[in-house]
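# Understanding the architecture of this molecule
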Amino acid sequence: MFLVQYTGLNQLPFDPANNNEPLQFGSASGPLVTEGLLENGGESSKKRKRTNAPSADNSRTLNVDSTAMTLPMSDPTAWATAMNNLGMAPLGIAGQPILPDFDPALGMMTGIPPITPMMPGLGIVPPPIPPDMPVVKEIIHCKSCTLFPPNPNLPPPATRERPPGCKTVFVGGLPENGTEQIIVEVFEQCGEIIAIRKSKKNFCHIRFAEEYMVDKALYLSGYRIRLGSSTDKKDTGRLHVDFAQARDDLYEWECKQRMLAREERHRRRMEEERLRPPSPPPVVHYSDHECSVVAEKLKDDSKFSEAVQTLLTWIERGEVNRRSANNFYSMIQSANSHVRRLVNEKATHEKDMEEAKEKFKQALSGILIQFEQIVAVYHSASKQKAWDHFTKAQRKNISVWCKQAEEIRNIHNDELMGIRREEEMEMSDDEIEETTETKETEESALVSQAEALKEENDSLRWQLDAYRNEVELLKQEQGKALREDDPNKEQQLKLLQQALQGMQQHLLKVQEEYKRKEAELEKIKDDKLQVEKMLENLKEKIYREMTAKEDRKRELTDYQKNENCASRMCASSQDSDYPLEKTLNSSPIKSEREALLVGIISTFLHVHPFGASIEYICSYLHRLDNKICTSDVECLMSRLQHTFKQEMTGVGASLEKRWKFCGFEGLKLT
């Protein structure tokens, strides 16, 4: 075994991974020399050697309980640090302690072994380590393999960003001969394993039951694993543990987050419902029966609040009218009758408050008297005659108690003085009212009653004034009708009548002018419509005339063509005995160019079975020769009546002349 440092132990001044000097222990039978080399990088561990050779000459012997122990070392504090980590008191060469501040109660001499992560029940991963304290990992022995820690001088292994809800880790660098059983043996100490997916390329994925188990598994990153005691390359490897992103982990994490969100929404909803003020009870609609019920409730002190709220709602709704005014007035009068009761209750509560103040002052003055007595006891105990008989601790306690009692007494005294000042100020402001409190309550009750009667009297007076005003208005109207003798009023009436007549005449003139303008506007609109209709009729007439002219022209051309054909037929019958040259000269095709045009036009119209206009045909021919004239083409096609024929297609404005190829039909006719 070799020495391993753990959290809470002193750090060795030398690096155990790089120190190859042997530790020699002497005994009666002979010294035992053990050469142990830590596994560092790609180096394999050496086998232990047992020898009976004597110790080296330059080794140092340490006597601890008559047992010779020798340790060759360059730094004398290294051995002290190692012994301190083992829980043993380090001693020098002559037996003197090397560390004077060593606490033997914390070491192994008292029977308490040092805590290590491999103790039963503690698991592989130690408790949380402070970030400022260096950590040195130790060897982990398993049943089928051994895990060697990485070099502490190397930087920690890099890890990817932790996915949310990560329960799966990636483990790389496994030995080629490693099996799933060995993986379970190594990582089951980190927590419950749900699934393992092992690959043939020396890596695997491990899914744990909880998220914190992933942190324990990351602790093993960087360890070198060796299967059994074999040094074969296939039985060794360097573990690399990192976070892995799994769909199952993400799905469980999202489900958990949604559940937490639902719980939070439910909690907020419940909190809002708890804090929401209760809805007011619905107010019934006004009726005579409900009015009588509310009037009875207004007379009862316990139901007054509910009844007055109903009354307020009815008034705000506008339920008051001439028929229900008396009922509402009686209810308002009943509500007003409670003013005296409320004033009396207020006076009673004020009286109770004054009595409570008086009791509080008396109790506070009694407390102050007792505080004064306690402070007097402390002062008398502080005098020389009694002070010398107390111990130092007792004197200190008495002085502290005296200071506390004086502070509390001063606070209560200031409070009592403040109450007295307030009372003096109230007395100075209104001394007469304080001396005659009972008279004031009676006078206030009488005043409130008088005010209520005054308000009732005022309301009756206002009603009477309203009736008087209405009677006076009626009288004035009747008086105006009967008073025709007054000349001033007659003149005023005449002037007013004249003014009204003038305004009426002006209004009539304006109305007549407005009507006249409207009539003119309507006439203009009618004229415009008539003009538009005339334009449309003219357009139709012009179009009809044009179509008629075109029909006439077409008929003339057809007639001329028929005459030409008849004359040609006669000429052909007469000249049938002429030689072949004469028949060639009288044919409709006069040149090879016209024959080519006939062939091209026939081909073009053959692919257009519904015909084409002369413009469409000429546009096609212009692509071949720009010198072709439309009139020549039309004349040529009109000469060949058995090859081409002209038809009219369309109706009205869409009327169009189209040429069609009829050579196959003409061949049969000829």
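Residues numbered from 1 in each chain as written. Predicted model: local features only at pLDDT ≥ 70, side-chain atom pairs only at ≥ 80, totals over all residues. Heavy atoms only, no water.

## Observations regarding the overall build of the chain
A tally of regular secondary structure across the chain gives 18 helices and 14 strands. When each of the 670 residues of the chain is scored for burial, the buried share is 23%. Summarising the internal contacts of the chain: among those between residues at least 6 apart in sequence, 59% fall at separations of at least 24. Accessible area of the chain: about 49,200 Å², with a carbon and sulfur share of 56%. (Helix = DSSP H or I, 4+ residues; strand = E, 2+ residues; numbered from the N terminus. Buried < 20%, exposed > 50% of the residue type's maximum accessible area, 1.4 Å probe, protein only. Contact = heavy atoms within 4.5 Å. Areas by Shrake-Rupley, 256 points an atom, 1.4 Å probe, with all protein chains shown as cover.)

## Describing the sheet that holds strand 10 (residues 224–227)
Ordered by their spatial adjacency, 4 strands build an open sheet running 5-6-10-11, and the pairing between neighbours is antiparallel. Looking along the sheet, the strands with just one partner apiece sit at the ends: strand 5 (140–141) and strand 11 (236–238). Alignment of strand 5 against strand 6 (residues 145–148), held across 2 bridges, turns out to be antiparallel. From the neighbouring strand, His141 faces strand 6, where its bridge partner is Thr146. (Pairing = 2+ DSSP bridges.)

## Digging into a nonpolar patch on the surface
A surface patch of nonpolar side chains, amounting to about 470 Å² of accessible area, comprises Val531, Leu535, Leu538, Ile542 and Met546. Tracing the sequence through the fold places Met546 in helix 13 (residues 487–574). Look at Met546 and you get partly exposed, because its relative accessible area is 47%. (Patch = residues over 30% accessible without salt bridge, like charges linked within 9 Å, V, L, I, M, F, W, Y side chains within 5 Å. Salt bridge = Lys/Arg side-chain N within 4 Å of Asp/Glu carboxyl O.)

## Things to note about unusual backbone geometry
The phi dihedral of Asn202 falls on the positive side, at around 65°, and the residue is not glycine. Structurally, Asn202 is set in the loop between strand 8 (193–198) and strand 9 (203–208).

## What about the sheet that holds strand 12 (residues 240–243)?
Across the sheet, 4 strands lie side by side as 8-9-7-12; this open sheet has antiparallel pairing. Both outer strands of the open sheet, strand 8 and strand 12, are each paired with one neighbouring strand and no more. On average, each strand axis in the sheet is tilted by 20° relative to the strand beside it, whichever way the strands run. Across 4 bridges, the pairing between strand 7 (residues 168–172) and strand 12 is antiparallel. Following the sheet pairing, Gly172 is matched in strand 12 by His240. (Axes fitted to C-alpha atoms, helices over the stretch in contact; angles between N-to-C directions.)

## Points about the confidence of the model for the chain
The predicted model of the chain averages 75 in pLDDT, with 72% of residues at 70 or higher. Here residues 576–585 scores under 50 on pLDDT; set against residues more than four positions off or in separate chains, the count is 1 contact. (pLDDT = per-residue confidence, 0-100.)

## A word on the packing of aromatic side chains
Under the counting rule described, the total for this entry stands at 9 aromatic pairs. Their ring planes at 85° and their centres at 5.2 Å tell us that Tyr286 and Trp314 sit as a pair that is edge-to-face. You can see Tyr286 sitting in the loop between helix 4 (247–275) and helix 5 (288–299) and its partner Trp314 sitting in helix 6 (residues 304–317), a full 28 residues away along the chain. As far as burial versus exposure is concerned, Tyr286 and Trp314 are alike and both buried. Centroid distance Phe604 to Tyr620: 4.7 Å. Interplanar angle 25°. Geometry classified as stacked. (Phe/Tyr/Trp six-rings, centres within 6.5 Å; stacked < 30°, edge-to-face > 60°.)

## Examining the pattern of salt bridges
For the structure shown, the criterion picks out 19 salt bridges. The shortest N-O distance in the salt bridge between Arg268 and Glu264 comes to 3.1 Å. Residue Arg268 and its partner Glu264 are both found in helix 4; the two are separated by 4 residues, about one turn of the helix. Its salt-bridge partner being Arg341, residue Asp301 comes within 3.3 Å of it at the nearest N-O pair. Placement of Asp301 in the loop between helix 5 and helix 6 and of Arg341 in helix 8 (residues 338–381) is noted, with a sequence separation of 40 residues between them.

## Overview of the packing of helix 15 (residues 592–606) against helix 16 (residues 614–622)
At their nearest, the axes of helix 15 and helix 16 sit 11 Å apart, and the two run at 120° to each other. Taken as axis vectors, helix 15 and helix 16 run oblique relative to one another. With respect to the hand of their crossing, helix 15 and helix 16 are arranged in right-handed fashion. Contacts between helix 15 and helix 16 involve Leu597, Ile600, Ile601, Phe604 and Leu605 from the former and Tyr616, Ile617, Tyr620 and Leu621 from the latter. (Parallel < 35°, antiparallel > 145°, perpendicular 65-115°, else oblique. Left-handed = near helix turned anticlockwise from the far one by under 90°.)

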